[in-house]
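Architecture at a glance
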Amino acid sequence: MAELHLKSWRFRAEREADWRRLEALLAKAEAGGAAKLKREELLEMPLLYRQALSSLSVARSISLDQSLVAYLESLCTRAYFIVYGARTRLPERIARFFVHDWPAAVRALWRETLVSFVLSAAAALVAFVLVQRDADWFHSFVEPGLASGRDPTATTASLRETLYHQGTAGEGLSFFATFLFTHNAQIALFAFALGFLLCLPTAALLVLNGGMFGAFLALFVSRNLGFEAGGWLMIHGATELYAIVLAGAAGFSIGWAVCFPGERSRVDAAAEAGRRAATAMAGVVVMLFVAGLLEGFGRQLIQVDLARYAIAGTTLAAWLAYFYWPRRTAAP
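Residues numbered from 1 in each chain as written. Predicted model: local features only at pLDDT ≥ 70, side-chain atom pairs only at ≥ 80, totals over all residues. Heavy atoms only, no water.

**Here's the deal with the pattern of salt bridges**
Taken as a whole, this structure holds eight salt bridges when the rule is applied. Where Arg-21 meets Glu-44, a salt bridge forms, and the shortest distance between an N and an O atom there is 3.0 Å. You can see Arg-21 sitting in helix α1 (residues 2-32) and its partner Glu-44 sitting in helix α2 (residues 39-61), a full 23 residues away along the chain. For Glu-44, a relative accessible area of 25% puts it in the partly exposed group. A salt bridge links Arg-60 to Glu-73; the shortest N-O distance between them is 2.6 Å. Here Arg-60 is found in helix α2, whereas its partner Glu-73 is found in helix α3 (residues 66-83), with 13 residues between them in sequence. (Salt bridge = Lys/Arg side-chain N within 4 Å of Asp/Glu carboxyl O. Helix = DSSP H or I, 4+ residues; strand = E, 2+ residues; numbered from the N terminus. Buried < 20%, exposed > 50% of the residue type's maximum accessible area, 1.4 Å probe, protein only.)

Pasting the structure below:
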């Protein structure tokens, strides 16, 4: 017993100075953050942490007294969170998300975004052509509840009235706009959530949404209201439809990883794709919120077609610049 106590005393005497030094650095970092440490202290801490880990391993292997082992375990745990933990404040995390994480996630999905856009645009074009040739096709793409009377049986005057008037027609328009926004938000969320099913539900949802847009636009074009309807739709649609395309891209990335995992297991591949896609989807929620503001205020208050198109073009250009404009790589 005396020999064990002597070993413990010698073990502590040989290494205690390094432990105390690490403890002092930890106290400084915990009090004011890692930014309070000098450059040489930042370089010193990982070395002291590894030495403490080595001491803990030795202490356990030769069965030194439990108080020493407990002390080293506590010291190493504290050091781990300083050395490897991301000790950033909430405002810093939010800023990093908007400045780096979200744009980086979207840029990484550029192939999937292109596929998502092509599917949506192709579906819109097909629906537009079919409805232009035969108005009966309209109901194949647009649900009666979503159309809310804005279908081939409506008069040209009533269709025009929904685009500008603020009275009874405006109230009906607000209901339709809310219903349309809710529909598009659901499409975006399901396109992402169902991507793991080999991309097929995601593709189907994008085709469905694109077809609805093309059919709706074709109806107004057939009444010589295409320009007016385009402005009414795109003042918020430039953001909302872009959000749906990105949601589809996020879903495709997960489905593609499941189908073609490469050298990784399907679970690992899907998990990696899911982390990137989830970051993009967090931003999609922000885009849908912005689209809701444009829909709830901008479209109802702005009655000039050119102004609506100007807002649509400006927001689309702003999103593209935000995502794809070259920027410095964020520090790790």
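**Details of helix α13 (residues 305-324)**
When the terminal C-alpha atoms of α13 are compared, their 28 Å separation across 20 residues agrees well with the 28 Å that a helix rising 1.5 Å per residue should span. Here α13 has its buried residues at Asp-305, Arg-308, Ala-312, Thr-315, Trp-319 and Phe-323. The buried side chains of α13 occupy one side of the element, clustering within an arc of 105° when seen end-on. The exposed set on the far side of α13, more than 90 degrees from its buried face, consists of Leu-306 and Thr-314. (Expected span 1.5 Å × (residues − 1). Arc of directions from axis to C-beta.)

**What to know about the environment of Arg-12**
With respect to the helices, strands and loops of the structure, Arg-12 is situated in helix α1. Residue Arg-12 is classed as partly exposed on the basis of its relative accessible area, which comes to 26%. When sequence neighbours within four positions are dropped, the list of residues in contact with Arg-12 reads Trp-19 and Leu-68. (Contact = heavy atoms within 4.5 Å.)

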